[in-house]
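Topology and contacts: notes
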Amino acid sequence: MNSLETTFTDISDWQKNVHYSTGGTRSKYIALHPQTNEEYFFKGSQENLLGEIKYSNEFWSEIASSKIGQFFGFPMLDYNIAFNKYHKQKIGCISKSMVYSSRNKLTEGVTYLTGTNSNYIPSFHKTDYTFQFICEALQKFNFEKHIENIIEIIVFDSIIGNSDRHQENWGILTAHKITIEEKSIDEEVSSVTRRSLYRKVRRLASRFFSDENKELTRLLEDPNYTVKFKTSYQFAPIYDSGCCLGREHTDEKVLKLISDSQMIEAYIKKGESEIHWEGHLKKRKHFELIELLLEYYPTETKKFIARVNEKYNSESIKGIIENVDVNVPKDLINFKLSETRKQLMFKLITLRIEKLIQYL
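Reference entry: report on the structure contained in this document. (Residues numbered from 1 in each chain as written. Predicted model: local features only at pLDDT ≥ 70, side-chain atom pairs only at ≥ 80, totals over all residues. Heavy atoms only, no water.)

Looking at the overall build of the chain
- Counting its secondary structure elements, the chain contains 12 helices and nine strands.
- Relative to its full complement of 360 residues, the chain shows a buried share of 48%.
- Put simply, 69% of the contacts in the chain that link residues at least 6 apart link residues at least 24 apart.
- Total accessible area on the chain stands at roughly 18,800 Å², and carbon and sulfur atoms take up 47% of it. (Helix = DSSP H or I, 4+ residues; strand = E, 2+ residues; numbered from the N terminus. Buried < 20%, exposed > 50% of the residue type's maximum accessible area, 1.4 Å probe, protein only. Contact = heavy atoms within 4.5 Å. Areas by Shrake-Rupley, 256 points an atom, 1.4 Å probe, with all protein chains shown as cover.)

A few points about the pattern of salt bridges
- If you walk through the whole model with that rule in mind, you get 15 salt bridges.
- Of the charged contacts in the structure, one is a salt bridge between E339 and K342, with a shortest N-O distance of 3.7 Å. Of the two residues, E339 and K342 are both situated in helix α12 (residues 339-357); the distance of three residues between them amounts to about one turn of the helix. (Salt bridge = Lys/Arg side-chain N within 4 Å of Asp/Glu carboxyl O.)

Quick look at the nonpolar core
- W60, F74, F131 and I317 are the most contacted members of the largest nonpolar core, which totals 77 residues.
- A total of nine residues in this core trace back to one element, the largest contributor, which is helix α4 (residues 147-160).
- For F131, the residues in contact, after removing those within four places along its chain, are I147, I150, I151, I154, I275, H276, W277, L293 and Y297.
- In terms of nonpolar packing, the next biggest core, distinct from the first, is built from eight residues, W14, A31, Y40 and A82 among them. (Core = buried A, V, L, I, M, F, W, Y, C linked by side-chain atoms within 4.5 Å.)

A look at the packing of aromatic side chains
- All chains considered together, the criterion is met by 15 aromatic pairs.
- For the pair F71 and F72, a centre-to-centre distance of 5.0 Å together with 80° between the ring planes defines the contact as edge-to-face.
- Judged by its relative accessible area of 0%, F72 falls in the buried class.
- Consider the rings of F131 and W277, whose centres lie 5.5 Å apart with planes at 5°: the pair is stacked. Of the two residues, F131 is situated in helix α3 (residues 131-140) and W277 in the loop between α8 (261-269) and α9 (286-296); the sequence distance between them amounts to 146 residues. (Phe/Tyr/Trp six-rings, centres within 6.5 Å; stacked < 30°, edge-to-face > 60°.)

Description of the side chain of S66
- Tracing the backbone through its elements, the reader meets S66 in helix α1 (residues 58-71).
- Given the relative accessible area of 1%, S66 is considered buried.
- A distance of 3.1 Å separates a polar side-chain atom of S66 from the backbone oxygen of L77.
- Separated by 3.2 Å, the side chain of S66 and the backbone nitrogen of Y79 make a polar contact.
- Discounting chain neighbours no more than four positions away, the residues touching S66 are M76, L77, D78 and Y79. (Polar contact = N/O pair within 3.5 Å; in protein donor to acceptor, adjacent residues only side chain to side chain.)

Describing the state of the cysteines
- Overall, the coordinates contain zero disulfides when judged by the stated rule.
- A disulfide-free cysteine, C243 has its sulfur positioned 7.5 Å from the sulfur of C244, the nearest such atom. (Disulfide = S-S within 2.5 Å.)

A look at α9
- Within α9 the residues assigned to the buried category are H286, F287, L289, I290, L292, L293 and L294.
- In this structure, the buried residues of α9 make contact with α3, α4, α8, α10 (298-311) and α12.

Spelled out as structure tokens, the structure:
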């Protein structure tokens, strides 16, 4: 599923993973691949409190933004089309889990923010969710190098007009690796060190490597082996970007937007980022945030804008959008994107990119 061509997968007979639940307001669940047992996330479109579909085209915005992001070199989680005849929302998007067989873990941004300020409550302190607060949290946990990744996300969001990059829509992947080596004759490990290592690895093994716990215990107790533990971190791919590309508009409003240049310009201009800027109570517009980043982080911000400019090709973008639903079977034609909505997506993206590259 790692291609700009959107694939279609029937997951009707895939097993649901009942051991995990997913948060958020969109209809979603974890499905297990029948051959590999790998986890995939199925997501429909957002529902209201009555269970009614609020934005029926939201999963298409997720898929289109994923493919567009990949085209421009952004590190995207890949989304494709999935169908489940037994599910309430029969068609949606699917993505392979970033967490593999419990050998790594995704820690969402909210964990670092609340770890930096224990009084911070996202639902109450919305204006405190600022770029500066994110930077402070990353620095506190020695992840200051990932400030650049946040800037990259903001640049990407300005292209698609994403309005929901909240604290749970970015994160860091933690991977753990245990290696076991036969100890050399002259290597000595004190009993205190061995006990400390034993406790550490047992604790982590029970959390991440439960299937290997018995074998690890045996080797830790064996004086002929040395067990080494290594932790690595990487910024997670960009995920959950479906609140974009006019997904909230009715078909009637879409027609008006694509036929009225002033209306679509106004729509782009008023688009806001969920990430605030310190000292401002109101949300910043996408391009206001870009301008502020250019002032304080010019090198990093220009680097990502320059990459977009280098790869920009309107015909390629049009091809991605026009073919985003090409693999939907004929009997499911009603689930395809309308031509007018595709036109809106194309206009929004190209107009936003043209505005963005003017900052170079």
